[in-house]
Amino acid sequence: MKRASSRPIRAGNVTIGGGNPIVIQSMCATRTQDIDATVDQARMLHSAGAGLVRVAIDSAKDVNALAEVCARVPEANLVVDLQENYRLIAQVAPLVSKVRYNPGHLYHHEKQKTVREKVAFIAETAERNDIALRVGVNCGSVDPEMDAKFAGADEPALDGVTAMVESALQHCQILDDLGITRYVVSLKDSDPRKVIAGNRRFASMRPDVPLHLGVTEAGMLPDGAIKTRIAFEQLLTEAIGDTLRVSLTLPFAEKWREVEVGRQILEDIQAGRFRSVPRDFGEGLNIISCPSCSRVENEAFIDLAFKVREMAAYAQDYNITIAVMGCRVNGPGETDDADLGLWCAPNFVNLKRGEEELGAFPYDTVLDRLKVELDAIIATKTGVTTA
Ligand code: SF4
């Protein structure tokens, strides 16, 4: 299962790749500025066995909070998820052991600068501070230029995979040109088939680059663990993957389960215990939901995700995807492929059906409207109106 071909990358007290044991990592879902809650969750994830604990940063106030979190849980080997404000790496790099940037998010600030200039700033800051980088590409928020360039390049079931892989390869080339080698790459989607296809393709082209595996927005248990297991079984048995995260929508007090599920999957694969992958995997109702992070706009999101699943249970035999996301930044894009998409704001929930935005609804009425839309989709598919 070890992927000896990838180069070893040190991040704090762990080494990723180079045939080292696979590092399980996780991420705090708390608001970073809620220092006590973030410290508690970082401690919980570390105690559960996370080799790296990630925290999201998007403002100077987040950076100040991070400094205190680092001081209070130095053992957690903290890493940072840079959001749009990539220049914050200058403040966070001295505090943490690794920083992730998303190539699809480099467009929001300083539009006059090129991607290459922004990556150079990130990479040189990381190198000066002796920390590792992750190029974290998500199919749902891929660089718009790559998205346009490779539109239609994939069969429908794998739509977006080529743009995701090409974006990762482009950033590897920029880093290579800068002489930076201390980086890992991730290629994630909520559909395990895209995760498998993207990582296989990337690994065949860049076997030297360590891979961080994950099925993003995998949803709630047990489905989220099953989707993740399917991807990890396929990839890890081909020796693809050096570190991993399981992304689950969980109450904050149970966030440790992300680490536990990751460990269980690894143990099962190591022991040769595989779950069969049914031919019709992916048929029926599919609910995807994000694991939440410091960006979540109202913690009622987690409750909402569970209620959506409960309400929609009657539709389990229909090939319908419902996506539930925690914020207005990534929600619109991450729900693009769903039949019905919801993304949360502080006091209301946005709803769309396919590409049509249906409006914003209070938390206590959005389920009623969602059900109306779900019934309408079922009626279109079957020609039968449900009661
Ligand atoms: S959709 Fe928003 S809240 Fe959910 S994980 Fe992504 S950034 Fe965080």
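Residues numbered from 1 in each chain as written. Predicted model: local features only at pLDDT ≥ 70, side-chain atom pairs only at ≥ 80, totals over all residues.

Looking at the overall build of the protein chain
The test is simple: For the purposes of this entry, the term helix denotes a DSSP run of H or I that reaches at least four residues, the term strand denotes a run of E that reaches at least two, and both are numbered from the N terminus. Only the C-alpha atoms count toward the radius of gyration. The rule for a globule is 2.2 Å times the residue count to the power 0.38. Any residue surrounded by 20 or more other C-beta atoms within 10 Å of its C-beta is treated as buried, while 12 or fewer makes it exposed and the intermediate range makes it partly exposed; C-beta atoms here are placed from the backbone. By the criterion used throughout, residues are in contact when their C-beta atoms, derived from the backbone, lie within 7 Å.
When helices and strands are tallied, the protein chain shows 12 helices and 15 strands. Relative to the compact-globule value of 21 Å for 387 residues, the protein chain shows a C-alpha radius of gyration of 20 Å, a close match. The principal-axis extents of the C-alpha atoms in the protein chain amount to approximately 65 × 45 × 45 Å. Out of the 387 residues belonging to the protein chain, those deemed buried represent 50%. In the protein chain, the proportion of contacts linking residues at least 24 apart, taken out of those at least 6 apart, comes to 67%.

Concerning the sheet that holds strand E9 (residues 211–213)
Rule in force here: DSSP calls a pair of strands paired once it identifies at least 2 bridges connecting them. For helices, the fitted axis covers only the stretch in contact; all axes are lines through C-alpha atoms, and the angles between them, taken along N-to-C directions, range from 0 to 180 degrees.
Overall, parallel pairing links the eight strands, which are arranged E3-E4-E5-E6-E7-E8-E9-E10 in a closed barrel. On average, each strand axis in the sheet is inclined to that of its neighbour by 30 degrees, with strand direction left out of account. Where strand E7 (residues 132–138) and strand E8 (residues 183–188) come together, six bridges link them in parallel fashion. From the neighbouring strand, Asn138 faces E8, where its bridge partner is Lys188. Contacts from helix H9 (residues 257–270) reach strand E3 (23–27) and strand E10 (243–245) within the one sheet, and its direction differs from that of E3 by about 155 degrees.

Considering the pairing of E8
Moving residue by residue along a regular strand, the side chains alternate between the two faces of the sheet. Threshold: If you view a crossover with the strands going away from you and the path from the first strand over the helix to the second runs clockwise, you call it right-handed.
Counting buried residues in E8 gives six out of six residues, a clear majority hidden from the surface. In E8, alternate side chains face the same way, and those of Tyr183, Val185 and Leu187 on one face and Val184, Ser186 and Lys188 on the other are all buried. When E8 meets E9, the two strands line up parallel, connected through two bridges. The residue bridging Ser186 from the neighbouring strand is His212, located in E9. One crossover worth recording links E8 to the parallel E9 by way of helix H7 (residues 192–205), and it is right-handed.

A look at the domain arrangement of the protein chain
What counts, and what does not: The source of the domain bounds is an automatic or database domain assignment. Three classes are used, and their members are as follows: Ala, Val, Leu, Ile, Met, Phe, Trp, Tyr, Cys and Pro are nonpolar, Asp, Glu, Lys and Arg are charged, and the others, Gly among them, are polar.
Annotation of the protein chain at the domain level lists domain 1 (9–270) and domain 2 (286–382). Computed over C-alpha atoms, the centres of domain 1 and domain 2 are 25 Å apart. Listed per partner, the contact involves 16 residues of domain 1 and 18 residues of domain 2. For the side of domain 1 that touches domain 2, the residue count by class is six nonpolar, eight polar and two charged.

Looking at helix H2 (residues 60–72)
Operational definition: A helix's residues, less one, multiplied by 1.5 Å, set its expected span.
The end-to-end C-alpha distance of H2 is 19 Å, a good match for the 18 Å that 13 residues give at a rise of 1.5 Å each. Packing partners of the buried residues in H2 comprise helix H1 (35–48), strand E4 (52–57), strand E5 (78–82) and helix H3 (89–92).

So, the packing of helix H10 (residues 300–311) against helix H12 (residues 366–382)
For the record, the criterion: Take the far helix as your reference; a near helix turned counterclockwise from it by less than a right angle gives a left-handed crossing, and one turned clockwise gives a right-handed crossing.
It is the contact of H10 with H12, at a shortest axis distance of 11 Å, that shows an interaxial angle of 40 degrees. Where H10 crosses over H12, the two elements pack in a sense that is right-handed. Residues Lys307, Val308 and Met311 of H10 touch H12, and the partners they reach there are Leu367, Leu370 and Lys371. Broken down by class, the residue content of the contact of H10 with H12 amounts to four nonpolar, no polar and two charged.

A few points about the sheet that holds strand E12 (residues 321–325)
Read across the sheet, five strands follow the order E11-E12-E13-E14-E15 without closing on themselves; strand pairing throughout is mixed. Both edges of this open sheet fall to strand E11 (286–289) and strand E15 (356–361), since each of them pairs with a single strand only. For this sheet the average axis-to-axis angle between neighbouring strands, irrespective of direction, equals 15 degrees. Relative to strand E13 (residues 340–344), E12 runs parallel, the two being bridged by four bridges. Residue Met325 lies in a different strand from E13, and its bridge partner there is Trp343. Relative to the sheet, H10 contacts E11, E12, E13 and strand E14 (349–353), its axis offset from that of E12 by approximately 165 degrees.

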